[in-house]
Amino acid sequence: MNMKWIDVNDVATALAEQYPKVDPTQVRFTELRDKVIELKDFKDERDCNERILEAIQQCWIDEVE
């Protein structure tokens, strides 16, 4: 399954699985963007806006709680 920036729930789930020891509340947006781009099923442009990163981060937080 190929993920894009708009697939915030799928991206958050993949991040939680890929980085189980990372506290998503402590991840800067630049670091978050890099982690998303590194996901094996992520296939989209490198750039995105801050609103999408906020949504991904919040979903990731919800995923690990």
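It should be emphasised that the depicted structure is a prediction, and the values quoted were computed from it without experimental measurement.

## Some points on the packing of helix α2 (residues 29-38) against helix α3 (residues 50-64)
So, step 1. The N-to-C vectors of α2 and α3 enclose an angle of 75 degrees; their axes lie 10 Å apart at closest approach. With respect to each other, α2 and α3 are oriented roughly perpendicular. Residues Phe29, Leu32, Arg33, Lys35 and Val36 of α2 pack against Glu50, Leu53, Glu54, Ile56, Gln57 and Trp60 of α3.
So, step 2. Here the residues of the contact of α2 with α3 sort into 6 nonpolar, 1 polar and 4 charged.

## Quick look at the nonpolar core
So, step 1. Within the largest apolar cluster, 18 residues are counted, with the highest numbers of intra-cluster contacts made by Val11, Leu15, Leu32, Val36, Leu39, Ile56 and Trp60.
So, step 2. Listed by contribution, the elements that provide at least two residues to this core are α1 (8-18), α2 and α3.
So, step 3. Setting aside its immediate chain neighbours within four residues, valine 11 contacts Met3, Lys4, Val36, Leu39 and Ile56.

## Some thoughts on the pattern of salt bridges
Where charged atoms of side chains with opposite charge meet at close range, the side chains can pair.
So, step 1. Scanning all chains against the criterion turns up 2 salt bridges.
So, step 2. The partner of glutamate 31 in a salt bridge is lysine 35, with the nearest N and O atoms 3.8 Å apart. Of this pair, glutamate 31 and lysine 35 both sit in helix α2, separated by 4 residues, roughly a single helical turn.
So, step 3. Arginine 33 is the salt-bridge partner of aspartate 34, the closest N and O atoms lying 3.0 Å from each other.

Conventions and cut-offs
- Residues numbered from 1 in each chain as written.
- Predicted model: local features only at pLDDT ≥ 70, side-chain atom pairs only at ≥ 80, totals over all residues.
- Heavy atoms only, no water.
- Axes fitted to C-alpha atoms, helices over the stretch in contact; angles between N-to-C directions.
- Helix = DSSP H or I, 4+ residues; strand = E, 2+ residues; numbered from the N terminus.
- Parallel < 35°, antiparallel > 145°, perpendicular 65-115°, else oblique.
- Contact = heavy atoms within 4.5 Å.
- Nonpolar A, V, L, I, M, F, W, Y, C, P; charged D, E, K, R; others polar.
- Core = buried A, V, L, I, M, F, W, Y, C linked by side-chain atoms within 4.5 Å.
- Buried < 20%, exposed > 50% of the residue type's maximum accessible area, 1.4 Å probe, protein only.
- Salt bridge = Lys/Arg side-chain N within 4 Å of Asp/Glu carboxyl O.

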